[in-house]
Amino acid sequence: MSTINSVIDKIAILAEQSGYISCLEYWSVCGGYNPDYPSRLSFEQIQELTQNYPFHLPLELCELYQRGNSCLPIGVNPNKNWDSFDNYFQFKFPLEDDDFFSLEEAINIYRSIASWLKKDEHKLQISRKTNNSQQKVLASLLNSNNFSSRLFPISSTENGLYVVVGNEKQQETSPILFLWEDLVISMEWPSLTWMMLGMAEVMERKMQSPKPNRYEIEAIWHKYAVAESSNP
């Protein structure tokens, strides 16, 4: 089992222990939203959906979409109906109230921003709020071929997009970057796996007493954000 699948299992168990509400319950409160995409994707479905994306998505992201498509499992019981959103909770991005995109939504957004990014690629700049290690990674990416076309969205905020970086040859992981509206790029986590390790620790910490305050939660996220290795 890959590292990200092990982390997803841990998150799923913690979600069940914490009594997380299911996507169906969450959506009923929000007015009865009815998604037109499946709760998880097969490898073949991922290939079909990304056939017009000219690069390979990182393996960890593909593995995530096979476990949950904008959602994450509640528990790991193999006898559950994993094709029902009743057994998943909504995947919210860390410290934000923004959803992780379904792959279908991510592809549509990629199509809408690809030409704009390619046209303005020369305007991309590295955020000054990065450490030396992050600056080296970002500088290397900015100088690589087709960089802007490789950026693939996974979530958004009112200030910009969270993206991963595709590659001509599939890579195990990708750093998670934030693309600001003014075309400044920052590095948020060394990989999706590192981000989800942080998510698991936050969930675990919230089950303890006393519960952590916002500053303690931010400190946990920061620990995983500045991790040096993309291979936990």
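Refer to the structure presented above.
Residues numbered from 1 in each chain as written. Predicted model: local features only at pLDDT ≥ 70, side-chain atom pairs only at ≥ 80, totals over all residues. Heavy atoms only, no water.

**Quick word on the pairing of strand β7 (residues 184-189)**
The criterion, for reference: Relative accessibility decides the category of a residue: with a 1.4 Å probe and only protein chains considered, values under 20% of the type maximum give buried, values over 50% give exposed, and everything between is partly exposed. Here a strand is any run of E in DSSP of at least two residues, a helix any run of H or I of at least four, and the numbering for each starts at the N terminus. Pairing between two strands requires that DSSP report at least two bridges joining them.
For β7, a buried count of five out of six residues is recorded, marking the element as mostly surrounded by other parts of the structure. Where strand β3 (residues 125-126) lies against β7, two bridges are found, and the strand directions are parallel. Counterpart to I126 in the pairing with β7 is I185. Where strand β6 (residues 176-180) meets β7, four bridges bridge the pair, whose relative direction is antiparallel. Bridge pairing links L177 to M187 in β7. Remark: three residues form the turn of the hairpin made by β6 and β7, two consecutive strands paired antiparallel; L183 in that turn has positive phi of roughly 70 degrees.

**Focus on the packing of aromatic side chains**
Going by this rule: Working definition: rings of Phe, Tyr and Trp (its six-membered ring) pair if their centres are within 6.5 Å, and the pair is stacked with planes under 30 degrees apart, edge-to-face with planes over 60 apart, and tilted otherwise.
What the rule picks out here adds up to 16 aromatic pairs. Aromatic side chains W189 and W221 sit 6.0 Å apart centroid to centroid with 75 degrees between the ring planes, which places their arrangement in the edge-to-face category. Taken together, the residues W189 in strand β7 and W221 in helix α9 (residues 214-225) connect sequence positions 32 residues apart. Note on accessibility: W189 and W221 belong to one class, buried. Measuring from ring centre to ring centre gives 5.9 Å for W194 and Y224, while their planes differ by 50 degrees; the resulting arrangement is tilted. Of this pair, W194 sits in helix α8 (residues 192-206) while Y224 sits in helix α9, and the two are 30 residues apart along the sequence. Just as W194 is buried, Y224 falls in that class too. Taken together, the ring pairs connect W27, Y37, W82, F85 and Y88 into an aromatic cluster.

**Regarding a negative patch on the surface**
Rules: Nonpolar side chains (Val, Leu, Ile, Met, Phe, Trp, Tyr) are joined into patches within 5 Å and like charges within 9 Å, using only residues with over 30% relative accessible area and no salt bridge. For every accessible area listed, the method is Shrake-Rupley and the probe measures 1.4 Å; residues are considered covered only by the protein chains on display. The term salt bridge refers to a pairing of a side-chain nitrogen on Lys or Arg with a carboxyl oxygen on Asp or Glu at a separation within 4 Å. Residues counted as positive are Lys and Arg, residues counted as negative are Asp and Glu, and His and the chain ends are not counted. Where a charge sits is defined by one atom per residue type, namely NZ (Lys), CZ (Arg), CG (Asp) or CD (Glu).
Residues E96, E158, E181 and D182 make up a contiguous surface patch of negative charge. When you line up the elements, D182 lands in the loop between β6 and β7. Accessibility expressed as a relative area gives 53% for D182, which makes it exposed.

**What to know about the environment of N143**
Quick reminder of the rule: Polar contacts, as counted here, are pairs of nitrogen or oxygen atoms within 3.5 Å of one another; within protein the pair requires one atom able to donate a hydrogen and one able to accept it, and residues that are adjacent in sequence qualify only if both atoms are side-chain atoms.
With respect to the helices and strands, N143 occurs in the loop between α6 (132-142) and α7 (147-150). Look at N143 and you get exposed, because its relative accessible area is 66%. Taking the C-alpha atoms as reference, N143 lies 43 Å from G75; in sequence the two are 68 residues apart. Engagement of the side chain of N143 in a polar contact is seen with the backbone oxygen of A139, the distance being 3.0 Å.

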